[in-house]
Structures are given as C-alpha cells and as structure tokens.
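Results of the structural survey
Take a look at the letters that make up each chain.
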Amino acid sequence: MDQSEIDALLAGGGKTPKKAKTAAKGPAVAAAPASTVSSEPHQDGNGHVISELDTVTSVTERESNKVMDQLDQISQLVSRQQQLVTDMMRHEGAQSPGVQKAIHEVMSASKEIQDKVFEAMDLMQFQDITRQKLERIVHHLRQIHDYIVDLLGTGLKSDTERPSISHTIAQTGTTPDENKAHADAVIEAFKSQKKG
Amino acid sequence: MKILIVDDSSTMRRIIINTLSRIGYTDVVEGENGKSGLEKLGQGGVEMIITDWNMPEMDGLEFVKTVRGQNAAIPILMVTTNAAKEDIVEALQAGVNNYVVKPFTPETLKEKIESLLG
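This section reports on the structure supplied with the text.

Cut-off values and rules
- Residues numbered from 1 in each chain as written.
- Chains lettered and ligands numbered in written order.
- Predicted model: local features only at pLDDT ≥ 70, side-chain atom pairs only at ≥ 80, totals over all residues.
- Heavy atoms only, no water.
- Helix = DSSP H or I, 4+ residues; strand = E, 2+ residues; numbered from the N terminus.
- Buried < 20%, exposed > 50% of the residue type's maximum accessible area, 1.4 Å probe, protein only.
- Contact = heavy atoms within 4.5 Å.
- Areas by Shrake-Rupley, 256 points an atom, 1.4 Å probe, with all protein chains shown as cover.
- Axes fitted to C-alpha atoms, helices over the stretch in contact; angles between N-to-C directions.
- Parallel < 35°, antiparallel > 145°, perpendicular 65-115°, else oblique.
- Nonpolar A, V, L, I, M, F, W, Y, C, P; charged D, E, K, R; others polar.
- Buried area = accessible area lost by both parts, 1.4 Å probe.
- Salt bridge = Lys/Arg side-chain N within 4 Å of Asp/Glu carboxyl O.
- Pairing = 2+ DSSP bridges.
- Right-handed = clockwise from strand over helix to strand, strands pointing away.
- Left-handed = near helix turned anticlockwise from the far one by under 90°.
- Core = buried A, V, L, I, M, F, W, Y, C linked by side-chain atoms within 4.5 Å.

For chain B, the count of helices and strands is five helices and five strands. For chain B, the succession of helices and strands along the chain, N to C, is β-α-β-α-β-α-β-α-β-α. When burial is assessed residue by residue, chain B has 62% of its 118 residues classed as buried. If you take every contact in chain B between residues at least 6 apart in sequence, the share linking residues at least 24 apart comes to 62%. On chain B, roughly 4400 Å² of surface is accessible, and the fraction owed to carbon and sulfur atoms is 44%.

Attention now goes to the packing of helix H3 (residues 60-70) of chain B against helix H4 (residues 85-94) of chain B. The relative placement of two packed helices is expressed as an angle between their axes plus a distance between the axes. All names here are of chain B. The geometry of H3 relative to H4 is characterised by a closest axis approach of 9 Å and an angle of 20° between their N-to-C directions. It follows from the interaxial angle that H3 and H4 lie roughly parallel. For the pair formed by H3 and H4, the contact residues are Leu61, Val64, Lys65 and Arg68 on the first element and Glu90, Ala91 and Ala94 on the second. Within the contact of H3 with H4, the residues separate by chemical class into four nonpolar, no polar and three charged.

Moving on: the interface of chain B and chain A. Each partner contributes residues to the interface: chain B has 36 residues there, and chain A has 34 residues. Summing both partners gives a buried area of about 3200 Å² for chain B against chain A, and 56% of it is carried by carbon and sulfur. In this assembly, chain B and chain A are joined by seven salt bridges. Aspartate 8 of chain B is the partner of arginine 131 of chain A in a salt bridge, and the nearest nitrogen-oxygen pair spans 2.9 Å. Of all elements in the fold, only helix H1 (10-22), H4, strand E5 (98-101) and helix H5 (106-117) of chain B reach the threshold of two or more residues within the side of chain B that touches chain A. Looking at the side of chain B that touches chain A residue by residue, the class counts come to 15 nonpolar, 12 polar and nine charged.

With that settled, consider the pairing of strand E2 (residues 28-31) of chain B. Residues and elements named next belong to chain B. Residues Val29 and Gly31 point to one face of E2 and are all buried, whereas Val28 and Glu30, pointing to the other face, are not buried. Where strand E1 (residues 2-6) and E2 come together, four bridges link them in parallel fashion. Bridging from a neighbouring strand, isoleucine 5 pairs with glutamate 30 of E2. Taken together, E1, H1 and E2 form a β-α-β motif whose crossover is right-handed.

With that out of the way, let us pick up the packing of helix H6 (residues 97-123) of chain A against H1 of chain B. At a closest axis distance of 9 Å, the pairing of H6 of chain A and H1 of chain B adopts a crossing angle of 145°. As for the relative orientation of H6 of chain A and H1 of chain B, their crossing is left-handed in sense. Where H6 of chain A approaches H1 of chain B, its residues Phe118, Met121 and Asp122 of chain A are matched on the opposing element by Ile15, Asn18, Thr19 and Arg22 of chain B. Here the contact of H6 of chain A with H1 of chain B is composed, by residue class, of three nonpolar, two polar and two charged.

The next point concerns the nonpolar core. Across soluble globular proteins, nonpolar side chains show a tendency to be buried alongside one another. Residues Leu4, Ile49, Phe63, Val67 and Tyr99 of chain B are the most contacted members of the largest nonpolar core, which totals 29 residues. Contributions of two or more residues to this core are made by helix H8 (176-195) of chain A together with E1, helix H2 (34-42), strand E3 (46-51), H3, strand E4 (76-80), H4 and E5 of chain B. Formed by 22 residues, the second largest nonpolar core is a distinct cluster that contains Leu71 of chain A together with Leu77, Val79 and Leu116 of chain B.

Structure below.
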C-alpha cells in the first residue's frame, strides 16, 4: 500500500481500519450466532481478508512493474555507457596499451552490471508465483467461509464465486533446473508413449 | 518472427519479452488471457505462442484447445506454475508442443523456443 492509498484510507473517516480490526477476529465468525453472520459477505472478517489479499496482489504487481521500470532504465544506461566506451576505444588518443586495458576493464564491468540487471529481472518471477499462491489461499478462504455459512444455515455464500485460477503449484519453489528436469522427463515419457 | 505472449501477469509478460529480446526475438504481441490471446492471434502474423495456464476469463488450456481447433501447426509453449505430472500431460494432450515450469531460467526458455522452431 503506498502513501496515496494510506491517505485515501484515512480520508475515508477511518472506517476501513475498523473493519481490519474485525478481520483480525476472523475465527469469532464461526462461534457467532447465525444472526450476526448474516451480514454481507464482504462485511465480515473472511470477506475483508479476501479483499485485503486481492489488494496485496494488485499492489505487488504494480510495485514489481516499478522495479522492472527501474531495472530497464539501468539496463539502458549501461548500454549507453558501453556505446560511449566503444566509441572512445576508436579514438586516436585511446590507443595506448594502458588506456586500452582500462577501457576493457570498464567494458567488462559494464557487462557484469548488465548481467546482474537481467538476473534481477528474471528473479521478479517470484511476484507471479506469490500472486498465484495468494489466489489459492483466497479460494480456500472462500470455501471455508461458505462452509461456515452453510453450517450456520444462513444461506448467504460469497457474493462473487471466483474459483481459484491456480491449479497445482505445490511444487513451485524448487529450483528452475529441477523444474526443467521434471517437465522434460514428463514430456519425454509422453512422447515415447505416443510413439509406442 | 512474431511471438504471441499470453499471461495475465504484466510482470511475467515483461520478463518473457525481456528474455526474448536478449535472444533476438523483438516482434512480440501480448494478451492478458486466453480470450485476448485469441483476438491477437486473429489479427494475423503470429508464428509462435507462449502461454500461461492459470488466467481469468479463459485459461491457457482452453486457449490452447481453441487454437488447435483452428491451427494445428503453430508452435505453442506453455509457461506455468503448474508442475504436477498430470497437468503437464493434460497440456500436451491439449496440443502444447513444449512445457516450462515457473520459475525458469532464460537458458531454459531459449532452449525450448529454439527446439520448437527447429
């Protein structure tokens, strides 16, 4: 949540933070009498947690894109620097061995920076993986919420049925190399079976 | 070579686009779910598809099945968090040519793309 969102929240008369306090008492919903549970799904603890998680996923995606923007800019600056150094290498005054050596060192360092920037960009995959894990949690929370509502006989289920779009991500978190080996093995087995 | 990337995560699309540009593929179109992927595909010129599985509105599996109903030849690479063996087999049966599990390395993506393009 950024400052503008905090400001908007505060401008709303502090009503939402009060809800957050209610959300912290989530388990109390199950113990409450049916009449108190019959409020709108998003007014209760579970509904609020769900919307909070939704906000978390959208905010992290937006912030991840800001990080990507910064990394893009660093990458462009390094490319520009490499171009300038390449131009410098052709300059008559830069032909002495000492200068050439220094220029090569600068180029080598630039390449290392560029590689690290690309590596950092690749690591941003965590955002998508975390988002999907949170979506799965939201899906389970909805199921628990609906189960409790059923149990208490209020008949008020989640207003918006949003099935988890995450299938099975139990094996995520393993290394990319392990992931690749696993997928490749299944693909090979599938192909062999098809041929046979 | 125009490549269609279908993923609901804008971060992931950027990562894939970035990786593709590093290996020489800069002509890219994007879709944020299967439905918009089909729209982009309908605009023509796409020679390869990289798609996610878990997406709202139309997921990757349904997208692949729809594409295969219209085009049996276009190479399709699925890039997803779904790592279970049954999922991989289901995707292959739907018509996916190759499969990458997230998180992936740029080398893996490069290897898979090159193997698909023969």
